[in-house]
Amino acid sequence: VQLAESGGGLVQPGGSLRLSCVGSGFTFSSYVMNWYRQAPGKEREFVARITSSGGTTTYGDFVEGRFTISRDNAKNTAWLQMNSLKPEDSGVYYCSAEWRWQEHWGQGTQVTVSP
């Protein structure tokens, strides 16, 4: 099982980034996909979730309509579109694939929001 995140980088406040998570080695379409983030010195924080079919999405309270999670099961890929970014959104963003008692994690991609 592998999950590979990409798309992070340095962006100014108010800017946008689109993170990608490509899965391999498992039946991607059966798994719930999640995004989490972790800032230095803080605990990992839930960002967004999308069900296996893509029919239902859930977001952390801090998102406030700024982020959108999506997926394409034909491409084994999930995305996190992040708009109106704030400095407090900085951190390492991880995707995870969840099915029953299993959860697999990627290595993360760094997002830095700074002037």
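Here the focus is the pattern of salt bridges. Enumeration over the complete set of coordinates arrives at five salt bridges. Its salt-bridge partner being arginine 37, residue aspartate 89 comes within 2.8 Å of it at the nearest N-O pair. Residue aspartate 89 is found in the loop between strand 8 (77–82) and strand 9 (91–99), and its partner arginine 37 is found in strand 4 (residues 32–38); the two are separated by 52 residues along the sequence. The class for arginine 37 is buried, based on a relative accessible area of 7%. Arginine 66 is paired through a salt bridge with aspartate 89; the nearest N and O atoms lie 2.6 Å apart. Taken together, the residues span a long stretch of sequence, with arginine 66 in the loop between strand 6 (57–59) and strand 7 (67–72) and aspartate 89 in the loop between strand 8 and strand 9 at a distance of 23 residues. Here arginine 66 falls in the buried class, since its relative accessible area comes to 10%. Overall, the relative accessible area of 1% leaves aspartate 89 in the buried class.

The next thing to look at is the nonpolar core. Nonpolar side chains in soluble globular proteins tend to be buried together. Counting 26 residues, the largest nonpolar core has Met33, Trp35, Val47, Phe67, Leu80, Met82 and Tyr93 as its most contacted members. Those elements giving two or more residues to this core turn out to be strand 3 (17–24), strand 4, strand 5 (45–50), strand 7, strand 8, strand 9 and strand 11 (109–113). Discounting residues that sit within four places of it in the chain, valine 47 has contacts with Trp35, Tyr36, Arg37, Thr58, Tyr59, Gly60, Phe62, Val63, Phe67, Leu80 and Tyr93.

Looking now at the side chain of arginine 37. Looking at arginine 37, its side chain comes within polar contact range of the side chain of aspartate 89, at 2.8 Å. A distance of 3.0 Å separates a polar atom in the side chain of arginine 37 from a polar atom in the side chain of tyrosine 93. Other than its neighbours up to four places away in sequence, arginine 37 contacts Glu43, Arg44, Glu45, Val47, Phe62, Phe67, Glu88, Asp89, Val92 and Tyr93.

Definitions and limits used
- Residues numbered from 1 in each chain as written.
- Predicted model: local features only at pLDDT ≥ 70, side-chain atom pairs only at ≥ 80, totals over all residues.
- Heavy atoms only, no water.
- Salt bridge = Lys/Arg side-chain N within 4 Å of Asp/Glu carboxyl O.
- Helix = DSSP H or I, 4+ residues; strand = E, 2+ residues; numbered from the N terminus.
- Buried < 20%, exposed > 50% of the residue type's maximum accessible area, 1.4 Å probe, protein only.
- Core = buried A, V, L, I, M, F, W, Y, C linked by side-chain atoms within 4.5 Å.
- Contact = heavy atoms within 4.5 Å.
- Polar contact = N/O pair within 3.5 Å; in protein donor to acceptor, adjacent residues only side chain to side chain.

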